[in-house]
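# Architecture and fold: a report
Residue-level listing of the chains:
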Amino acid sequence: MKRAAGFVAVALVAGSALVGMAGAASGDKVPYWASIAAREAIMRTGPGPNYPAIWKYTRPGLPVKVVARHEHWRRVVEQDGTEGWMNGILLSEDRTGVVTAEAAPMRDAPDAAARIRWRAERGVIGKVAHCADGWCEFEVTGRTGYIEIAKLWGVDSGETVN
């Protein structure tokens, strides 16, 4: 990120909301998955409001991986590998995923031979539920289907989500 005349450039990521506002916690275990809950969430270089901002997110529902905790601050990693600190109140424990494939089929059942109900394009965010054996139930604006975990960011390979 570049500094110009003492100001920190802040990148905007636009999108639509899929989850509501909530605080994040998830006990003391790290890493864990969370999602951005706030309409605007600032990522900072350190765990406090006095650290410089590096990103401003305006895409609620975006999944992030929490890799460290410091008081009420969370060190998060996002899809492109960007790391920084967010106040935990800006995060939700709601599980979401973002499609990483060009077009990912959303199927009737967790099976590559099952009928395709919908196709989700790269960058689409949806709610993740019932993941097992390489598949997750994925819901985008009321449309539900099963999608391969390998085509999502927000779920670990081999992870089971209830």
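Scroll up to find the structure this text is about.
Described in the following lines is the structure provided in the data block. Position labels on residues start from 1 in each chain and follow its written sequence. Thresholds applied to this predicted model are a pLDDT of at least 70 for local features of residues and 80 or more for the giving and counting of side-chain atom pairs; totals over whole chains, interfaces and linings are not thresholded and use all residues. Side-chain metrics rest on all non-hydrogen atoms present in the structure, leaving aside hydrogens and water.

### Structural notes on the state of the cysteines
Any cysteine sulfur atom paired with another within 2.5 Å is treated as part of a disulfide. Scanning the entire structure with this criterion turns up one disulfide. Residue Cys 131 pairs covalently with Cys 136 via a disulfide, S to S 1.9 Å. Judged by the sign of its S-S torsion, about 115 degrees, the bond between Cys 131 and Cys 136 is right-handed. Each member of the pair Cys 131 and Cys 136 is classed as buried. The buried label applies to any residue whose accessible area, calculated with a 1.4 Å probe on protein chains only, is under 20% of its type's maximum; exposed applies above 50%, and partly exposed to all values in between.

### So, the environment of Val 140
Working definition: helices are DSSP H or I runs of at least four residues, strands are E runs of at least two. Numbering for both runs from the N terminus. Relative to the helices and strands, Val 140 resides in strand S15 (residues 135-140). Val 140 sits in the buried class, given a relative accessible area of 15%. Placed 12 residues apart in sequence, Val 140 and Val 128 show a C-alpha to C-alpha distance of 9.4 Å. In what follows, a contact means two residues having at least one pair of non-hydrogen atoms within 4.5 Å. With sequence-adjacent residues up to four places away left out, Val 140 is seen in contact with Val 124, Ile 125 and Gly 126.

### Considerations on the environment of Cys 131
Considering the arrangement of structural elements, one finds Cys 131 in strand S14 (residues 125-132). According to the relative accessible area criterion, Cys 131 is buried, its value standing at 1%. A C-alpha to C-alpha distance of 9.9 Å links Cys 131 and Asp 156, two positions 25 residues apart in sequence. Leaving out residues up to four positions away in the same chain, Cys 131 has contacts with Cys 136, Ile 149, Val 155, Glu 159, Thr 160 and Val 161.

### Some points on the pattern of salt bridges
Each salt bridge in this description consists of a side-chain nitrogen of Lys or Arg and a carboxyl oxygen of Asp or Glu lying within 4 Å of one another. Applying the stated criterion to the full structure yields eight salt bridges. For Glu 159, the salt bridge is made with Arg 95, and the minimal N-O distance between the two is 2.9 Å. With Glu 159 in the segment after strand S17 (152-153) and Arg 95 in the loop between strand S10 (91-92) and strand S11 (96-99), the pair connects residues that are 64 residues apart, well separated along the chain. Of the charged contacts, one joins Asp 108 and Arg 117 as a salt bridge, the two residues approaching to 2.9 Å between their closest N and O atoms. For Asp 108, a relative accessible area of 35% corresponds to the partly exposed category. Under the relative-accessibility criterion, Arg 117 is labelled partly exposed at 38%.

### What about the pairing of strand S16 (residues 143-148)?
One bridge is not enough; two strands pair if DSSP finds at least two bridges between them. Sheet analysis places S15 next to S16, joined by six bridges and oriented antiparallel. The residue bridging Trp 135 from the neighbouring strand is Glu 148, located in S16. Once S15 ends, the chain turns through two residues before running back antiparallel as S16, passing Thr 141 with a positive phi of about 45 degrees.

### Things to note about the nonpolar core
Counting 19 residues, the largest nonpolar core has Ile 36, Tyr 57, Val 76, Met 86 and Leu 91 as its most contacted members. Those elements that provide at least two residues to this core are strand S4 (32-36), strand S5 (41-44), strand S6 (53-58) and strand S7 (63-70). Top contributing element to this core by residue count: S4, with four residues. The nonpolar core is taken to be a set of buried Ala, Val, Leu, Ile, Met, Phe, Trp, Tyr and Cys residues, with the residues joined through side-chain atoms within 4.5 Å.

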